[in-house]
Amino acid sequence: MPNQSLKERQTLTQTEKQEQVLKPLLQAEVRVLRMSQQEFEDDVRAHLDTNPALEEYDEEIGHETENDNPNDEINVEDKTEYSQEDYDNDRINDYSPDDIPTYYDPDNTKERVIADQVSFYENLKEQASSCNLTPKQEQIMDYLIGSLDEDGFLRKSIRILRDEMEIYDGIEANLDEINHVLKVLQSFEPAGIGAKDLQESLVIQLKNLEQTNPLREEAIEILSRGFDDYKNKRYEKLCTRFNISREDLERVYSLVRHLNPRPGAAVANNDNLAMPISPDFYVEEIDNSFIVGLCRSHVPSIKVSSAYADFISTANGFSSAEQEAVRQQVSEARLYVAAIKQRQQTMLDTMRAIVRLQPEYFRDGDRSLLRPMTQKDVADIIHRDPSTVSGVVSNKYADTPFGIIPLANLFTQSFVNQQGEEISREAVRIKMRELIEKEDPLRPLSDDELAEKLGIARRTVAKYRKQMRIPVARLRR
């Protein structure tokens, strides 16, 4: 380093300090981002109970909102990152849900039911339809999806599944063919679906986290090679075997605790169409513009205790151990408040991007108006990783004029029809169902006639009709 100038060394030192802050901040943000509304509220209250450097305060409910006109050009801001200066600055020392636009009064919020409900299995099959599978692979995929248990796991061995496919469905497939389709299934949302057990599911979910997560690789290695020691909390053995400090191991446990141990739990939830939901977002349309915000719910307003923050600089007469303990509590409190602020902003940025990509749908609530949209499309707009978008939409709901909708159901794949137009697969299915419902019962439409009206191939019509469990024309008379 002798040839480096003083300015270069100062820049390097400052960068290293910023990275030391950003790594735990990013980890904390990822952890809270994937939480549902109820989990987030519980987490905030748990931190209030365990960290005396955090305190709750009352603040009047704000109504400050921001208009998003979908016809305007999207103004994408750079990804927000906190520097060391930001971290030490008082402006991230407090957090209130009212920092983000909201209209919800938790005492007056009524239970509402989910609109546009799509079953868990239908959601998986819709994802499968965008994977360009061969007819045989489609059969294998249908069988695998139908074999998932209530936790979303595929607990039967591949050999048993192979034998069952041949016996019950007449599908002759070798182990390599089944494993290939299984890997495709395991790439679907929710992350962790299709795993053989909890261990594999957690590893799949970890691999879906942003690669910048500082403990992602360590967590994957520990769960892949030392799961028995991990679940039995053999801390010393894990630290020695994986050459990891006890502090970092605790962070790995914290990271894994906030993964989803039952990715298929949505099966039970989606079967209950009257399930009450506390929405995370609201969307309103006023004068052809959309107002998007976060719902307040019961999440308390929190801030770093000024008494604790002042103690660091005025702690005369206290031992160094006492000062260090308070300093650590204040540091953790500031980090948590910063992570929450980043969570709220990321969620709001994501929801605004979704609304701008789907203005027709949010005006009418008609799923046939959904444009082709992937999580990567949204990620490109907000300058984040697709796994971040996945964390935002997972188990999150939006309150709209036409009901509460699960965000995960808004993502649809596309294909090009015979006229060269890009259309969503969801729109084709809805239009096909409408045509069949309105057909003459004495002369039902054949697949060829449906293909001509929809402008798509006959093979595609047959595939979608089978997925929607609609019989052929001769059986619809």
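Here the structure is shown first, and the text comes after it.
Residues numbered from 1 in each chain as written. Predicted model: local features only at pLDDT ≥ 70, side-chain atom pairs only at ≥ 80, totals over all residues. Heavy atoms only, no water.

Draft legend 1. Just the overall build of the chain, in detail. Within the chain one finds 21 helices and ten strands. For the chain, restricting intrachain contacts to residue pairs at least 6 apart in sequence, the fraction spanning at least 24 positions comes to 72%. For the chain, the accessible area works out to roughly 24,800 Å², and carbon and sulfur atoms hold 45% of it. (Helix = DSSP H or I, 4+ residues; strand = E, 2+ residues; numbered from the N terminus. Contact = heavy atoms within 4.5 Å. Areas by Shrake-Rupley, 256 points an atom, 1.4 Å probe, with all protein chains shown as cover.)

Draft legend 2. Here's a closer look at the pattern of salt bridges. This model, assessed by the stated rule, comprises 25 salt bridges. Here Lys 196 and Glu 200 are joined by a salt bridge, their closest N and O atoms 3.6 Å apart. As a salt-bridge pair, Arg 327 and Glu 324 come within 3.3 Å of each other at their nearest N and O atoms. Taken as a pair, Arg 327 and Glu 324 lie in helix 15 (residues 320-357) at a separation of three residues, close to a single helical turn. (Salt bridge = Lys/Arg side-chain N within 4 Å of Asp/Glu carboxyl O.)

Draft legend 3. How the structure looks around the packing of helix 20 (residues 447-454) against helix 21 (residues 458-467). Relative orientation of the contacting elements helix 20 and helix 21 amounts to 105°, with a least axis distance of 8 Å. Considered as vectors, helix 20 and helix 21 are oriented roughly perpendicular to each other. Packed against helix 20, whose contacting residues are Asp 447, Asp 448, Leu 450, Ala 451 and Leu 454, the element helix 21 presents Arg 458, Val 461, Ala 462 and Arg 465 at the interface. Across the contact of helix 20 with helix 21, the residue classes tally to five nonpolar, no polar and four charged. (Axes fitted to C-alpha atoms, helices over the stretch in contact; angles between N-to-C directions. Parallel < 35°, antiparallel > 145°, perpendicular 65-115°, else oblique. Nonpolar A, V, L, I, M, F, W, Y, C, P; charged D, E, K, R; others polar.)

Draft legend 4. How the structure looks around the packing of aromatic side chains. Within this structure, the stated rule accounts for six aromatic pairs. Both rings, one in Phe 227 and one in Tyr 230, keep their centres 6.4 Å apart while their planes meet at 20°; by these two values the pair is stacked. Of this pair, Phe 227 and Tyr 230 both sit in helix 10 (residues 227-231), three residues apart, roughly one helical turn. Owing to a relative accessible area of 14%, Phe 227 belongs among the buried residues under this scheme. Each ring, one from Tyr 230 and one from Tyr 253, has its centre 4.2 Å from the other, and the planes form 15°; the classification is stacked. In this pair, Tyr 230 sits in helix 10 while Tyr 253 sits in helix 12 (residues 246-257), placing the two residues 23 residues apart along the sequence. The burial state of Tyr 230 is the same as that of Tyr 253; both residues are buried. Grouping aromatic residues by their ring pairs yields a cluster made of Phe 227, Tyr 230, Tyr 235 and Tyr 253. Above the ring of Phe 40, the side-chain terminus of Arg 343 is found at 3.8 Å from the ring centroid. (Phe/Tyr/Trp six-rings, centres within 6.5 Å; stacked < 30°, edge-to-face > 60°. Buried < 20%, exposed > 50% of the residue type's maximum accessible area, 1.4 Å probe, protein only. Lys NZ or Arg CZ within 6 Å of the ring centre and 35° of its normal.)

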